[in-house]
Amino acid sequence: SSSPLLQHPTVDLKLQMILIGDRNVGKTCFLERYTDDLFREESKSTVGIDFRIKTVTVGGRRIRLQIWDTAGQERFNSITTAYYRNARGILLLYDVTNPESYRNITKWMKLIEEYGRSDVEVAIVGNKADLENVQVNTHKARNFAENCGFIFYETSAKASLNVDTVFVNLIYKILKQIPQPHERNPQIRRKTMTSQALCEDANAKRSYKCC
Ligand SMILES: Nc1nc2c(ncn2[C@@H]2O[C@H](COP(=O)(O)OP(=O)(O)OP(=O)(O)O)[C@@H](O)[C@H]2O)c(=O)[nH]1
């Protein structure tokens, strides 16, 4: 059996992310577009939890992503919330043609607050933006997300709109919290640690109560 280093000779970092949101908003399709660049009209409802792996290079760092896809049905919450605590990034999806899925964002945020890491980075994602009968106001949704300090995008898994962009932006935000591994130069090391300490302080003060 080879060492983990030999198995992943080029990976600098492993990150876990999780997709949450109401059933049928397109979480599985969104993830499949990202990892396999495909789209299914007949996507099956997720039972419990599933994951996919993707390796990407962001900011010059090779990152192995483990991305969890959860069932939107409430009866699975006791299973899926157990995966929140290892996730550095959460993608909270709603369907732009379904106002109820947007209103339920606050319910999902309560679960993030209860089960997630205090320094988790969140993206609010309005999916199915390819459809014509959009019912959720883009500006209101964006304002809401940005007031919470979250990333915001409208996306389409079907038309392949902004799917990569959401992940890249989220990864950049997460990387800001993680010191670079070039710790040989003490000058750089001190700087990195200071900025990380500042980040941690800012995160400690952050609360979703603003929303
Ligand atoms: N038009 C359009 N349809 C989409 C898009 N994304 C997903 N769908 C459709 O929406 C339906 C539900 O997609 P899923 O990915 O299974 O939804 P989910 O959020 O994973 O659902 P659960 O597993 O039940 O929580 C499927 O019929 C998809 O084809 C999109 O961007 N545009």
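Look up: the structure comes first, before these words.
Residues numbered from 1 in each chain as written. Predicted model: local features only at pLDDT ≥ 70, side-chain atom pairs only at ≥ 80, totals over all residues.

> Which parts of the structure should I look at to understand the site of the ligand?
In the vicinity of the ligand there are 21 residues, among which Gly-26, Ser-43, Ser-45, Thr-46 and Gly-72 approach most closely. It is helix H2 (residues 27-36) that provides the largest number of residues to the shell around the ligand, a total of three residues. (Near = placed C-beta within 6 Å. Helix = DSSP H or I, 4+ residues; strand = E, 2+ residues; numbered from the N terminus.)

> Please clarify how unusual backbone geometry should be interpreted in this entry.
As a rule of thumb, non-glycine residues mostly have phi less than zero, and peptide bonds are mostly trans rather than cis. Not every positive phi belongs to a glycine, and Asn-24 is a case in point at roughly 75 degrees. Within the secondary structure layout, Asn-24 lies in the loop between strand E1 (13-20) and H2. Exposure remark for Asn-24: the 15 C-beta atoms within 10 Å place this residue in the partly exposed category. The phi torsion at Asn-162 lies on the positive side, around 65 degrees, for a residue other than glycine. Within the secondary structure, Asn-162 is located in the loop between strand E6 (151-154) and helix H7 (163-177). (Buried ≥ 20, exposed ≤ 12 C-beta atoms within 10 Å, placed from the backbone.)

> Would you take a moment to explain the sheet that holds strand E4 (residues 89-95) for this structure?
Pairing is mixed in the open sheet, where six strands are placed in the order E2-E3-E1-E4-E5-E6. Two strands in the sheet have a free side with no partner beyond their single neighbour: strand E2 (49-58) and E6. Geometrically, the sheet is characterised by an average inter-axis angle of 20 degrees between neighbouring strands, direction not taken into account. Pairing of E2 with strand E3 (residues 61-70), which is carried by 10 bridges, proceeds in the antiparallel orientation. Opposite Arg-52, over in E3, you have Ile-67 as the bridge partner. Lying over the sheet, helix H6 (residues 138-147) contacts strand E5 (121-127) and E6, oriented at roughly 160 degrees with respect to E6. (Pairing = 2+ DSSP bridges. Axes fitted to C-alpha atoms, helices over the stretch in contact; angles between N-to-C directions. Contact = placed C-beta atoms within 7 Å.)

> Looking at this structure, I do not really get the environment of Lys-27. What am I missing?
Its place among the elements puts Lys-27 in helix H2. Along the sequence, Lys-27 and Asn-98 sit 71 residues apart, while their C-alpha atoms lie 14 Å from each other.

> Just to check I follow, could you spell out the packing of H2 against H7 for this structure?
Any two packed helices are characterised by the angle at which their axes cross and by the distance between the axes. H7 packs onto H2 with a crossing angle of 80 degrees between their chain directions and a minimal axis gap of 9 Å. Relative to H7, H2 is oriented roughly perpendicular. Residues Phe-30, Arg-33 and Tyr-34 of H2 touch H7, and the partners they reach there are Val-163, Asp-164 and Phe-167. Here the contact of H2 with H7 is built from residues that sort into four nonpolar, no polar and two charged. (Parallel < 35°, antiparallel > 145°, perpendicular 65-115°, else oblique. Nonpolar A, V, L, I, M, F, W, Y, C, P; charged D, E, K, R; others polar.)

> In this structure, what is going on with the pairing of E1? I would like to understand it.
One face of the sheet, then the other: side chains in a regular strand alternate in exactly this way. Note: E1 against E3, seven bridges, orientation parallel. Directly across from Leu-15, in E3, lies its bridge partner Leu-65. In this sheet, E4 lies alongside E1 in parallel orientation, the contact comprising four bridges. When the sheet's bridge partners are listed, Leu-19 is paired in E4 with Leu-91.

> Can you help me understand H2 in this one?
An α-helix turns once every 3.6 residues. As a result, residues three or four positions apart point the same way. For H2, a buried count of seven out of 10 residues is recorded, marking the element as mostly surrounded by other parts of the structure. Those residues of H2 not exposed but buried are Lys-27, Thr-28, Cys-29, Phe-30, Leu-31, Arg-33 and Tyr-34. At its buried positions, H2 is contacted by E1, E2, E3, E4, E5 and H7. At the exit of H2 stands Asp-37, carrying a positive phi of roughly 50 degrees.

> Looking at this structure, how should I read the pairing of E4?
Where burial is concerned, most of E4 is hidden: seven out of the seven residues are buried. Where burial is concerned, the two faces of E4 agree: the one with Gly-89, Leu-91, Leu-93 and Asp-95 and the one with Ile-90, Leu-92 and Tyr-94 are both buried. Both E4 and E5 contribute to a ladder of seven bridges, which runs parallel. Across the sheet, the residue bridging to Gly-89 is Glu-121, located in E5.

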